[in-house]
Amino acid sequence: QVQVVESGGGLVQAGGSLRLSCTTSGLTFDDYHMGWFRQAPGKEREGVSCITWRGTSTYYADSVKGRFTISRDNAKNTLYLQMNNLKVEDTAMYYCAAARSFHFSLGCEQPTYWGQGTQVTVSS
């Protein structure tokens, strides 16, 4: 049984930082590109960042470039998202996903497995 579990969300003031983590079990972690997606109330889910299976290439949405950093530790089956200089508009549920396809301009495509999400709330 595949499990994808996010952690690290919370409430932070604008300008602050959070580090999200995502651990997996039941799948071969380094067989997958891994990504972060988010969905704010009333909005569609969007891809935030993606990293290839070896960690050699990354994708960031324009809205987070220069502020967020994605990384992975294949030995620990863990994905990270370091979020700095958070803005109110970053408030959303953040989801981790394992994907079979990576596109340099689009990020993780056709995610296969999803976590339940972790809430990030940024106050002004």
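Quick caveat: nothing in here was measured; it's all calculated off a predicted structure. (Residues numbered from 1 in each chain as written. Predicted model: local features only at pLDDT ≥ 70, side-chain atom pairs only at ≥ 80, totals over all residues. Heavy atoms only, no water.)

Here strand E4 (residues 33-39) pairs with strand E5 (residues 46-51) via five bridges, running antiparallel. Pairing of Phe37 across the sheet is with Gly47, part of E5. Between E4 and E5, which pair antiparallel one after the other, the connecting turn spans six residues, and Gly42 there sits at a positive phi close to 80°. The pairing of E5 with strand E6 (residues 58-60) spans three bridges and is classified as antiparallel. (Pairing = 2+ DSSP bridges. Helix = DSSP H or I, 4+ residues; strand = E, 2+ residues; numbered from the N terminus.)

Another point: the side chain of Arg38. Within the element layout of this structure, Arg38 appears in strand E4. Here the side chain of Arg38 touches Asp90 through a polar contact of 2.9 Å, side chain to side chain. A distance of 2.9 Å separates a polar atom in the side chain of Arg38 from a polar atom in the side chain of Tyr94. Dropping the residues within four chain positions of it, Arg38 is found in contact with Glu44, Arg45, Glu46, Val48, Ser63, Val64, Phe68, Glu89, Asp90, Ala92, Met93 and Tyr94. (Polar contact = N/O pair within 3.5 Å; in protein donor to acceptor, adjacent residues only side chain to side chain. Contact = heavy atoms within 4.5 Å.)

The next subject is the pairing of strand E7 (residues 68-73). The alternating pattern of E7 places Phe68, Ile70 and Arg72 on a buried face, while none of Thr69, Ser71 and Asp73, on the opposite face, is buried. Direction of pairing for E7 relative to strand E8 (residues 78-83): antiparallel, over a ladder of six bridges. Counted as the bridge partner of Arg72 is Leu79 from E8. Here E7 folds back onto E8 in antiparallel fashion, the turn holding four residues, of which Asn77 has a positive phi close to 50°. (Buried < 20%, exposed > 50% of the residue type's maximum accessible area, 1.4 Å probe, protein only.)

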